[in-house]
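# Architecture and fold: a report
So you can see what is in the structure, the chains are spelled out below.
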Amino acid sequence: MSKLEEASKEMMDSMRVLFDGESEQSMKTLELLSSINTLAKDETDRNVERIRETREELDVVFEKYKALQPIFAHIDDIGDKLDILEGLLGNLDGYTSYLEQVLASFTP
């Protein structure tokens, strides 16, 4: 075998070793990226399920809130009537004080 053939063979062997190393590293990188992608997908699936569950829970809470609206309106109505009653009681107290003064003016 000539020196050129030997050099060519040596160069090809070296290139094969280099190529094999690069291929192996590329495969490891691909496997790692695939694993990361699987983990990300699994986490996304879990998050989607949590969001669905949360949405269902919020729907239940909102339905309960809507069911309580008449009670809240009644409480507001009671509060308004209490305000009126407090005003009337204040007027009654004022009138009572006035009557006490009138009666006091008649007593010697």
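Criteria and cut-off values
Residues numbered from 1 in each chain as written. Predicted model: local features only at pLDDT ≥ 70, side-chain atom pairs only at ≥ 80, totals over all residues. Heavy atoms only, no water. Helix = DSSP H or I, 4+ residues; strand = E, 2+ residues; numbered from the N terminus. Rg over C-alpha atoms; globule rule 2.2 N^0.38 Å. Buried < 20%, exposed > 50% of the residue type's maximum accessible area, 1.4 Å probe, protein only. Patch = residues over 30% accessible without salt bridge, like charges linked within 9 Å, V, L, I, M, F, W, Y side chains within 5 Å. Areas by Shrake-Rupley, 256 points an atom, 1.4 Å probe, with all protein chains shown as cover. Salt bridge = Lys/Arg side-chain N within 4 Å of Asp/Glu carboxyl O. Phe/Tyr/Trp six-rings, centres within 6.5 Å; stacked < 30°, edge-to-face > 60°. Lys, Arg positive; Asp, Glu negative; His and termini not counted. Charge placed at Lys NZ, Arg CZ, Asp CG, Glu CD.

## Here's the deal with the overall build of the chain
In terms of helices and strands, the chain carries one helix and zero strands. Against the 2.2 N^0.38 benchmark of 13 Å for 108 residues, the chain shows a C-alpha radius of gyration of 45 Å, more extended than a compact globule. Taken over the C-alpha atoms alone, the chain extends approximately 150 × 30 × 10 Å along its principal axes. Among the 108 residues that make up the chain, the fraction classed as buried is 0%.

## Some remarks on a nonpolar patch on the surface
Where nonpolar side chains cluster on the molecular surface, the patch consists of Ile78, Leu82, Ile84, Leu85, Leu88, Leu89 and Leu92 and spans about 650 Å² of accessible area. Mapped onto the secondary structure, isoleucine 78 falls in helix H1 (residues 3-106). A relative accessible area of 38% means that isoleucine 78 is categorised as partly exposed.

## Notes on the packing of aromatic side chains
Scanning the entire structure with this criterion turns up two aromatic pairs. Here the aromatic rings of tyrosine 65 and phenylalanine 72 are separated by 5.9 Å at their centres, their planes lie at 50°, and the arrangement is tilted. Judged by its relative accessible area of 45%, tyrosine 65 is partly exposed.

## Topic: the pattern of salt bridges
This structure, assessed with the given rule, holds 10 salt bridges. In this structure, lysine 28 and glutamate 24 form a salt bridge, with 3.4 Å as the shortest nitrogen-oxygen distance. Of this pair, lysine 28 and glutamate 24 both sit in helix H1, separated by four residues, roughly a single helical turn. Judged by relative accessible area, lysine 28 falls into the partly exposed class, the value being 47%. A salt bridge links glutamate 43 to arginine 50; the nearest nitrogen and oxygen atoms lie 4.0 Å apart. Overall, the relative accessible area of 33% leaves glutamate 43 in the partly exposed class. Judged by its relative accessible area of 42%, arginine 50 is partly exposed.

## Points about a negative patch on the surface
Judged by side-chain charge, Asp76, Asp80, Asp83 and Glu86 come together as a negatively charged surface patch. Tracing the backbone through its elements, the reader meets aspartate 80 in helix H1. Look at aspartate 80 and you get partly exposed, because its relative accessible area is 46%.

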